Amino acid sequence: DGGRNLSLEPVPMGLPMSDPSAWSTAMNNLGMAPMGMTGQPLLPDFDPALGMMTGIPPINPMMPGLGIVPPPIPPDMPAAKEIIHCKSCTLFPPNPHLPPPATRERPPGCKTVFVGGLPENGTEQIIMEVFEQCGEVIAIRKSKKNFCHIRFAEEFMVDKALYLSGYRIRLGSSTDKKDTGRLHVDFAQARDDLYEWECKQRMLAREERHRRRLEEERFRPPSPPPVVHYSDHECSIVAEKLKDDTKFLEAIQTLLTWIERGEVNRRTANNFYSMIQSANSHIRRLVNEKAAHEKEMEEAKEKFKLALSGILVQFEQIVAVYHSASKQKAWDHFTKAQRKNISVWCKQAEEIRNIHNDELMGIRREEEMEMSDEEIEDPSEMKETEESALVSQVEALKEENDSLRWQLDAYRNEVELLKQEQGKASRDEDTTKEQQMKLLQQALQGMQKHLLKVQEEYKKREAELEKVREDKLKIETLLENLKEQESSTSRVCACSQEKEGPVEKTSSSSPVRSEREVLLVGIISTFLHVHPFGASIEYICSYLQRLDSKICTAEVEVLMTRLQNTFRQELSGVGASLEKRWKFCGFDGLKMT
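In every chain, residue numbers begin from 1 and rise along the written sequence. Only residues with pLDDT of at least 70 get local features here, since the model is predicted, and only at 80 or more are side-chain atom pairs given and counted; chain-wide, interface and lining totals rely on the full set of residues. Heavy atoms throughout the structure, all of them, feed into the side-chain values; hydrogens and water do not.

## A short note on the sheet that holds strand S8 (residues 184-187)
- At least two bridges found by DSSP between two strands are what make those strands a pair. A helix here means a DSSP run of H or I that spans at least four residues, while a strand means a run of E at least two residues long, and both kinds are numbered starting from the N terminus. What the four strands build is an open sheet, ordered S4-S5-S3-S8; its pairing is antiparallel. Whereas interior strands pair on both sides, the edge strands pair on one side only; in this sheet they are strand S4 (137-142) and S8. On average, each strand axis in the sheet is tilted by 20° relative to the strand beside it, whichever way the strands run.
- Judged from the five bridges that link them, strand S3 (residues 112-116) and strand S5 (residues 147-152) form a sheet pairing that is antiparallel. Bridged to Phe114 within S5 is His149. Think of each axis as a best-fit line through the C-alpha atoms, taken over the contacting stretch in the case of a helix, with angles from 0 to 180 degrees between the N-to-C directions.

Next comes the structure, spelled out in structure tokens:
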């Protein structure tokens, strides 16, 4: 269908052909019947099995999956591509002596192609006009640059589009550079193509699994029919089947299953005995059947012996012919090749005759051996028959005695089973009570152990609490002693300060030496008041240097160390992050002073 889209689809924009012979030549090279735009054949006597170029197998465009691109041809035979005329453009073929354009590896399920080298003035209508000849176009994604992506409806249409790779395209009759270009068509990888291909593969895999399952079910051997459960009705049916030669196998299998299941008891013993007796009577039928088959085998042996003797007679005649031809009277008239053939044939016939003769002699020897055995056994047959009759009677009496003994054993076993079941029931009750008692004892022991553990833990906790209380009392006494010592020392210091106070006032000088230092103290105090968690000396100096660049950190640090009641230095952080911070403590210093 894709191949016919090139010519048979009624496209609204008719494709004029200025050179019909060129179009027919191009289609002939593709192995397709040349058709006009109206569907009329351009070459009425065209044979699709023959192409213009020898060495290229014809392509059937009706087969999906086959592309337009021909297979590789010998290098000394160039592929002839013809000019293709469209409504709005013209496609000129590439140089036939150049190598074919390179393409990337084909992605699975590829339906999208990359088309490069388009003219700058090319439109989607022109691209559609060129590539819709290859098949149904689903979508065209054109870029602002000179390339586009085209998605077709089927995979084989991509092969037709790749055939146009290398063609030079010219819009109308213009020779402007923007109206010309060289097409480069290559496979493109698209998510939609990959998704459809994966869906198709999954569908094929499902079909394959379904087909295999059907084949397995078809070749699976049928399961044997389930054996019915024992009942009086089924027992009568099985007894009738045991008497029938055609249904004996099914019935004997059912009987075997019932016996293995343990269906034989005091009530059903007579029924099973009758069925076993029927199975025993089937032995006579089997012996008669074996005798009939032995008779048929003897008759077949006789027929075989007669046929073999006839064959040996014919072999003797043929060998006699060969011997008579080997005599001097007839031998001289044959050529050398004929004499050779006659001698070879004679040897082969003699070998085959000897083999058949040995086989016939072996059969006769076996018969003689059997006859001699029968003659030896004849006098003692009468005695054996009498002895066999007596033995059969003795065996019958033994069987009856054994059956009676088995019935007695069955009765005894049933009585013993009843006694054992009653004893087991009483024992089971005793054992269950003993087990329950043991379980309860174990549970009580576990509870006692748990209580002992809890009591031990409780005693330990009480001892720990007593120790904590004693430690607390000791700490409280130590704190009271320390407070008394501090109060006594503070009274002594106050008295000494009152005595030495006038001397210190006269002797000590003021820590602030100039008005500039007073201003610095005020600014630093306000800065640190804003920073209640303190600030480093570098941070304080960076703030002061904004006001006066001549201030140095050493001067500020000396000033703050002199005013210990106003500024206090603290350490914060641990290890490498240890940092010295200054805090404002003027309010606390005012109280102390």
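## Description of the pattern of salt bridges
- For salt bridges, the criterion is a side-chain nitrogen of Lys or Arg within 4 Å of an Asp or Glu carboxyl oxygen. Tallied over the entire structure, the rule returns 20 salt bridges.
- Put simply, Asp193 and Arg151 hold a salt bridge, and the shortest N to O gap is 2.7 Å. Pair noted here: Asp193 is in helix H4 (residues 191-219) and Arg151 is in strand S5, with a separation of 42 residues, a long-range link. Here Asp193 matches Arg151 in class, with each residue buried.
- A salt bridge links Glu555 to Arg516, with the shortest nitrogen-to-oxygen separation between them at 2.7 Å. Residue Glu555 is located in helix H13 (residues 553-562), and its partner Arg516 is located in helix H11 (residues 515-530); the two are separated by 39 residues in the primary sequence.
- What emerges from the salt-bridge pattern is a single network uniting Lys111, Arg151, Asp193 and Glu196. When accessible area is computed with a 1.4 Å probe and restricted to protein chains, residues below 20% of their type maximum are described as buried, those above 50% as exposed, and intermediate ones as partly exposed.

## Looking at the nonpolar core
- Here, nonpolar core means buried Ala, Val, Leu, Ile, Met, Phe, Trp, Tyr and Cys residues that are tied together by side-chain atoms lying within 4.5 Å of each other. Counting 32 residues, the largest nonpolar core has Leu91, Val113, Val115, Phe131, Ile150, Phe152 and Leu164 as its most contacted members.
- For this core, the elements supplying multiple residues, two or more each, are strand S2 (89-92), S3, helix H2 (124-131), S4, S5, helix H3 (156-162), strand S6 (168-171) and S8.
- Element by element, the count of residues in this core is highest for H3, at five residues.
- Contacts are assigned to residue pairs that have any heavy atoms within 4.5 Å of one another. For Phe152, the contacting residues outside a window of four places in its chain are Lys111, Val113, Phe131, Cys134, Gly135, Glu136, Val137, Ile138, Met157, Val158 and Ala161.

## Digging into the packing of aromatic side chains
- Stacked, tilted and edge-to-face are the three classes applied to pairs of Phe, Tyr and Trp rings, where Trp contributes its six-membered ring and a pair requires centres within 6.5 Å; stacked means planes under 30 degrees apart, edge-to-face means over 60, and tilted covers the rest. This structure, assessed with the given rule, holds nine aromatic pairs.
- Between Phe114 and Phe147 the ring centres are 5.5 Å apart and the planes differ by 35°, which places this aromatic pair in the tilted class. On the criterion of sequence distance, the pair formed by Phe114 in strand S3 and Phe147 in strand S5 is long-range, its members being 33 residues apart.
- Plain terms: the ring middles of Phe527 and Tyr543 are 4.7 Å apart, the flat faces sit at 25° to each other, and that makes the pair stacked. Of this pair, Phe527 sits in helix H11 while Tyr543 sits in helix H12 (residues 537-547), and the two are 16 residues apart along the sequence.
- Assessed through its relative accessible area of 8%, Phe527 is described here as buried.
- In this structure Tyr543 comes out as partly exposed when scored by relative accessible area, which is 33%.

## Notes on a positive patch on the surface
- What makes a patch is a set of residues exposed beyond 30% relative accessible area and free of salt bridges, joined within 9 Å when like-charged and within 5 Å when nonpolar (Val, Leu, Ile, Met, Phe, Trp, Tyr). Surface accessibility follows the Shrake-Rupley procedure with a 1.4 Å probe radius. Residue values consider only the protein chains on display as shielding. Note that His is not counted, nor are the chain ends; the positive residues are Lys and Arg, and the negative ones are Asp and Glu. By convention, the point assigned to a charge is CZ for Arg, NZ for Lys, CD for Glu and CG for Asp. A surface patch of positive charge is lined by Arg202, Arg206, Arg209 and Arg213.
- Classification of Arg202 as partly exposed rests on a relative accessible area of 41%.

## Digging into the environment of Ile237
- Residue position: Ile237 is located in helix H5 (residues 232-242).
- Sequence separation between Ile237 and Ala251 is 14 residues, and the spatial gap between their C-alpha atoms is 8.7 Å.

## Observations regarding the packing of H11 against H12
- Put simply, H11 and H12 touch, their axes get as near as 11 Å, and they point 125° apart. Classified by the angle their axes make, H11 and H12 are oblique. As for how H11 packs across H12, the hand of that crossing is right-handed. Where H11 approaches H12, its residues Leu520, Ile523, Ile524, Phe527 and Leu528 are matched on the opposing element by Tyr539, Ile540, Tyr543, Leu544 and Leu547. When describing relative orientation, an angle under 35 degrees is termed roughly parallel and one over 145 degrees roughly antiparallel, while 65 to 115 degrees is termed roughly perpendicular and anything else oblique. Two helices that cross are described as forming a left-handed crossing if the nearer one is turned anticlockwise from the farther one by less than a right angle, and a right-handed crossing if clockwise.

## Thoughts on the confidence of the model for the protein chain
- Per-residue pLDDT for the protein chain averages 78, and the proportion of residues at 70 or more is 79%.
- As a per-residue measure, pLDDT tells how confident the predictor is, with possible values from 0 to 100. Note that pLDDT drops below 50 for residues 1-78; the model gives that stretch 120 contacts with residues more than four away or on any other chain.
- When the criterion is pLDDT under 50, residues 502-508 qualifies, and its contacts beyond four places in sequence or with other chains add up to zero contacts.

## Some thoughts on a negative patch on the surface
- On the surface, a cluster of negative charge is made up of Glu296, Glu298, Glu299, Glu366 and Glu370.
- Listing elements by their share of the negative patch, those giving two or more residues are helix H7 (269-325) and helix H9 (336-377).
- With three residues, H7 is the single largest residue contributor to the negative patch.
- Of note, Glu299 is situated in helix H7.
- The class of Glu299 is partly exposed, set by a relative accessible area of 44%.

## Quick look at the pairing of S6
- On S6, burial follows the alternation: Ile169 and Leu171 on one face are buried, whereas Arg168 and Arg170 on the facing-out side are not.
- Relative to S6, S2 runs antiparallel, the two being bridged by four bridges. Looking at the pairing, Thr90 lines up with Arg170 of S6.
- Note: S6 against strand S7 (residues 180-182), three bridges, orientation antiparallel. Considered in S7, the bridge of Arg170 is made with Thr180.

## Quick notes on the sheet that holds S2
- If you walk across this open sheet you meet the four strands as S1-S2-S6-S7, and the pairing is antiparallel. The sheet is open, and its two edges are formed by strand S1 (84-85) and S7, each paired on a single side.
- Of the pairings in the sheet, the one linking S1 to S2 comprises two bridges and is antiparallel in character. Counterpart to His85 in the pairing with S2 is Thr90.
- Against the sheet, H2 contacts S2 and S6, and its axis sits at roughly 50° relative to S2.

## Overview of the UniProt feature "coiled-coil region" (unreviewed entry) in the protein chain
- UniProt positions are given in the numbering used here, feature names are shortened, and annotations may be inferred rather than shown by experiment. Mapped onto this structure's residue numbering, the UniProt feature "coiled-coil region" (unreviewed entry) falls at residues 276-303 and 394-488.
- A distance of 41 Å separates the end C-alpha atoms of residues 276-303, which is 100% helix and 0% strand.

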